[in-house]
Amino acid sequence: MTPIPENGTPTPTPAKDQGPYWDWSDAALFLGMAPPTLGVALLVSKGLKLLLPAQGSLAFTAIAFQFSWYALWFTALYWMLRMKYDEPFLAGLGWKTTWPGMKWTLFLGPMVAVAVILIGAMLHTPEIDNPIQKLLAGRWQTLLVGAFATMFGPVAEELGFRGFLLPLMMRSFSVAGGVVLCSGAFVALHGPQYSWSWQHLLLLFLASIVFSLVRVRTGSTAASAMVHATYNLTFFTGYLIQERDRIF
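Below you will find a few notes about this structure.

Quick notes on the rules
Residues numbered from 1 in each chain as written. Predicted model: local features only at pLDDT ≥ 70, side-chain atom pairs only at ≥ 80, totals over all residues. Heavy atoms only, no water. Phe/Tyr/Trp six-rings, centres within 6.5 Å; stacked < 30°, edge-to-face > 60°. Helix = DSSP H or I, 4+ residues; strand = E, 2+ residues; numbered from the N terminus. Buried < 20%, exposed > 50% of the residue type's maximum accessible area, 1.4 Å probe, protein only. Core = buried A, V, L, I, M, F, W, Y, C linked by side-chain atoms within 4.5 Å.

All right, on to the packing of aromatic side chains then. The geometry of an aromatic ring pair is captured by the separation of the ring centres together with the interplanar angle, meaning the angle of the planes. With the rule as written, the count across this model stands at 20 aromatic pairs. Taken together, a centroid distance of 4.5 Å and an interplanar angle of 20° make the contact between Phe30 and Trp73 stacked. Note that Phe30 is positioned in helix H1 (residues 24-32) and Trp73 in helix H3 (residues 57-85), a separation of 43 residues in sequence. With relative accessibility at 7%, the residue Phe30 sits in the buried group. Classification of Trp73 as buried rests on a relative accessible area of 13%. Judged by centre distance (6.3 Å) and plane angle (40°), the ring pair of Tyr70 and Phe152 falls under tilted. Of this pair, Tyr70 sits in helix H3 while Phe152 is found in helix H6 (residues 139-190), placing the two residues 82 residues apart along the sequence.

Quick look at the structure:
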């Protein structure tokens, strides 16, 4: 009941987080939109490949494919939710530009990256033939891939996993269950990239757990995106330092 003070004016009760306004049928439809948007993105990248010179076009076409796929997929999600529920899109996915402990969040990504490096060393994580490394063939290609990996990629993935899937999973399977299941789905998406190496996937799972907990703790997908982006930026900066003579 809303309390009524002596002056007779009701004092509003603070609004509570009502959770996601979508359900599992929407999640199934979102998943079903992946193949057609993927197909269109492939056509975009192939068309771009015909226009670009052969030398150095691999990175540009790969990023064009990834960017197009995410853009088309999330545009489809936007219209799906907008037409069905007429609710705010970004706000519904938890995109809040301020959150508790913002200054500490900025340092969390690098800290997680360092922890992953140390744990990876203890696990004797093997070197693998990562397909992304094939795109880092020159200065501009490397910077393009780095920009995607540290900006657009984390934002899109956090909106999809921590913004759309995690709240739904938490509502159905509890907070702990949602965090674990969401991180498992996140790892499954990146499995082929790491040749299904269990060490790499375990490290990615641990990082994803942190991203999810940040989302839960702060209530902001922008917060988890910042941690994700600075996590990637730490690894990318280390790569640039290690390969600076070859790249620059």
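All right, on to the nonpolar core then. Ranked by internal contacts, the top residues of the largest apolar core, which has 40 residues, are Leu77, Leu81 and Phe164. If you look at the next biggest cluster of nonpolar residues, it comprises 12 residues, including Val116, Phe211, Ala222 and Val227.

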